[in-house]
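Coordinates in review
Each chain, written out:
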Amino acid sequence: MPQIIDGKAISAQIKDELKEKVGTLKEKGVRICLAVIQVGNDPASSVYVGNKKKACAYIGIESLAYELPEETTQEELLRLIGELNAKKEVNGILVQLPLPDHIDEGAVIRAIDPKKDVDGFHPQNVGALCIGQPGFVSCTPAGILQLLKRSGIEIAGKECVVIGRSNIVGKPMALLLLRENGTVTVTHSKTKDLKAVAKRADILVAAVGRPKMITRDYVKEGAVVIDVGIHRNENNKLCGDVDYDDVAPICSAITPVPGGVGPMTIAMLMYNCVEAGNIK
Ligand code: NAD
């Protein structure tokens, strides 16, 4: 049977490490504060925002919640971001995506001070990752790196194949694996013979957004399989981009859904907040 990579346990460990760190910082008079902005009341976004606030409370990070109405204009949102950029006591700013259609997400992301961009979406932070400089890294791929490292999985010299090239998962994932000296291939919807390319992988990261697409036809025997997808199946149960029952018997390690990559995203957001508190 494969090693089941336990994202729930690893994320809990990271949160406990951060709680201790935040406690020590508090003793030195350093407080960490995250501002969370939500525009509109999309139910999924409200759940994510609620979970982020809960994680902050557990670790000892203060959170400021800005719940703005759906009709908020881009100008109003940018003004609020400007105010939060200027507030010394706010270390991190998070704007919950997606935003309503009348607001330009790119403009909003660019308005956040890169030193407070705990989501790691600002072009300056993406560029820093690209050229190997310090900066905030997008939370989901940063979490996957922690899953691999804390599970004792070597990346250097390995064939790594990332399926998906989104700005928040696929691309930063590829850059992180490259930074760890993996030999990285990025695949996408136009890739020819995806099965053959995926089968080269020692480490396969599926961030396709298609339920159970990755069957054992895509997986080399003994590969490590990381499943980023989150979907609800016909019975309202969570499943990933990987057909777990089909793939698990032939791989050496695999992340389950739920309980794999999912819990790591918030843990790494908290990690970025604590880092933000240490930036002068
Ligand atoms: P996205 O839709 O932005 O990107 C999907 C990528 O997959 C695209 O680059 C596309 O080219 C590629 N793709 C689509 N169909 C393909 C195909 N048939 N063959 C090859 N490539 C194909 O999605 P995303 O934001 O990167 O998210 C991917 C999945 O991960 C989704 O299920 C999402 O819900 C999930 N997700 C989970 C977390 C988490 O915290 N666990 C965070 C972000 C996203």
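This text follows the structure it describes.
Summarised in this report is the structure supplied together with it. (Residues numbered from 1 in each chain as written. Predicted model: local features only at pLDDT ≥ 70, side-chain atom pairs only at ≥ 80, totals over all residues. Heavy atoms only, no water.)

What follows deals with helix α7 (residues 170–179). Residues that lie three or four places apart on an α-helix share one face, since the helix turns once every 3.6 residues. Buried residues of α7: Gly 170, Pro 172, Met 173, Ala 174, Leu 176 and Leu 177, and no others. Buried-residue contacts for α7 involve α5 (123–130), α6 (139–150), β5 (159–163), β6 (183–187) and β7 (203–206). Directly beyond the C-terminal end of α7, a positive phi value near 70° is found at Asn 181. (Buried < 20%, exposed > 50% of the residue type's maximum accessible area, 1.4 Å probe, protein only. Helix = DSSP H or I, 4+ residues; strand = E, 2+ residues; numbered from the N terminus. Contact = heavy atoms within 4.5 Å.)

By the element assignment, Pro 69 lies in the loop between β3 (62–68) and α3 (74–86). For the pair Pro 69 and Gln 38, spaced 31 residues apart in the sequence, the C-alpha separation amounts to 8.5 Å.

This paragraph deals with the sheet that holds strand β4 (residues 92–95). An order of β3-β2-β4 is seen for the three strands of this open sheet, with the pairing classed as parallel. Here the strands that pair on one side only, and so sit at the sheet edges, are β3 and β4. Each strand axis lies, on average, 15° off the axis of its neighbour in the sheet, ignoring direction. Against the sheet, α3 touches β2 (33–39), β3 and β4, its axis set at about 180° to β2. (Pairing = 2+ DSSP bridges. Axes fitted to C-alpha atoms, helices over the stretch in contact; angles between N-to-C directions.)

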